[in-house]
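Each chain, letter by letter, is given below.
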Amino acid sequence: MNNFLSFLQDVPVVGILRDIPEGAEEACVSTASQCGLKAIEVTMNTDAATRIISKLKSMANPLGIRVGAGTVRNLNDLDKALDAGAEFIVSPNSVEAVIRKCVERNIPDIPGALSPTEVQNAYDWGATCVKIFPVGNVGGPSYIKALRGPFRDIPLLACGGVSNENVADYFKSGANLVAFGASIFKPALMQANDWESIGKNLAKFIENVTTAIRLKNKAINYLDEAIKQNITRSEER
């Protein structure tokens, strides 16, 4: 399941499709591919969610895009999502039975959590990554930074209020991944088949993400080099 995190390493973003109309699958996949988005989820409370997941997957896989199911709140949702072919699972909550079944099926699972106890429990049960949701309502990047202190070993996905304006701050604060929904995949635009506008916003978002990651990695490399120089200096003494 860690292969999923490796797959998203260059573009650690999950796009959330809530209320995408049936019939928009091809336009959605084309837009995602052009902009470099590698993972999209269809929420299970979207009309015809299972059919949309199946259609999206058949179109997206040849382009190197993985399709998952979101808003998976219980085992019933999970079974429907897996039957539809979902390649990863995302939830707003943490249900032990759902997480453990994903582990058994070798399906990447990203359950939702908010408190430190919920984060630890979700990870102990086998979560691939823990979604901090709704992070924008409890401090945003500063809350991710606070969690990073004790939870340095747990992959965290920031979700809820992540936008073009603040996505760089989430990575600076320690988020491993981010997710966006209606800030870019606006239901009104999808209903109007205005994928051109969606694509412009998505391209900007992906660009902001890759720039933030590049700067973060550059800073880490500088720090590593400084540490090496200090070690060398100490040894010479």
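The text that follows walks through the structure, step by step, so that each part is easy to find. All values derive from a computational prediction rather than experimental measurement.

1. A short note on the overall build of the protein
Part 1: Across its full length, the protein carries ten helices and nine strands.
Part 2: Taken over the C-alpha trace, the protein has a radius of gyration of 18 Å; the compact-globule value for 237 residues is 18 Å, and the two agree within 12%.
Part 3: Taking the principal axes of the C-alpha coordinates as reference, the protein spans close to 70 × 40 × 35 Å.
Part 4: In the protein, buried positions account for 48% of the 237 residues.
Part 5: At a minimum sequence separation of 6, the contacts of the protein that also span at least 24 residues come to 62%.
Part 6: Total accessible area computed for the protein in this model is approximately 11,300 Å², and 48% of it derives from carbon and sulfur atoms.
Part 7: For the protein, the separation between the mean place of its 25 positive charges and that of its 26 negative charges on side chains is 4 Å.

2. Considerations on the environment of S54
Part 1: One can find S54 in helix α3 (residues 49-60).
Part 2: With relative accessibility at 34%, the residue S54 sits in the partly exposed group.
Part 3: Looking at S54, its side chain comes within polar contact range of the main-chain oxygen of A84, at 2.9 Å.

3. Things to note about the environment of A203
Part 1: Along the polypeptide, A203 turns up in helix α10 (residues 195-236).
Part 2: Overall, the relative accessible area of 34% leaves A203 in the partly exposed class.
Part 3: C-alpha separation for the pair A203 and R214, spaced eleven residues apart in sequence, amounts to 16 Å.

4. Here we look at the pairing of strand β8 (residues 156-159)
Part 1: Burial along β8 is two-sided: the face carrying L156 and A158 and the face carrying L157 and C159 are both buried.
Part 2: Sheet analysis places strand β7 (residues 130-132) next to β8, joined by three bridges and oriented parallel. Pairing of I132 across the sheet is with A158, part of β8.
Part 3: Considered for its hand, the β-α-β crossover made up of β7, helix α7 (residues 141-148) and β8 is right-handed.
Part 4: Alignment of β8 against strand β9 (residues 177-180), held across three bridges, turns out to be parallel. For L157, the partnering residue across the bridge sits in β9 and is L177.
Part 5: In this fold, the crossover linking β8 to β9 by way of helix α8 (residues 167-172) has right-handed handedness.

Criteria and cut-off values
Residues numbered from 1 in each chain as written. Predicted model: local features only at pLDDT ≥ 70, side-chain atom pairs only at ≥ 80, totals over all residues. Heavy atoms only, no water. Helix = DSSP H or I, 4+ residues; strand = E, 2+ residues; numbered from the N terminus. Rg over C-alpha atoms; globule rule 2.2 N^0.38 Å. Buried < 20%, exposed > 50% of the residue type's maximum accessible area, 1.4 Å probe, protein only. Contact = heavy atoms within 4.5 Å. Areas by Shrake-Rupley, 256 points an atom, 1.4 Å probe, with all protein chains shown as cover. Lys, Arg positive; Asp, Glu negative; His and termini not counted. Charge placed at Lys NZ, Arg CZ, Asp CG, Glu CD. Polar contact = N/O pair within 3.5 Å; in protein donor to acceptor, adjacent residues only side chain to side chain. Pairing = 2+ DSSP bridges. Right-handed = clockwise from strand over helix to strand, strands pointing away.

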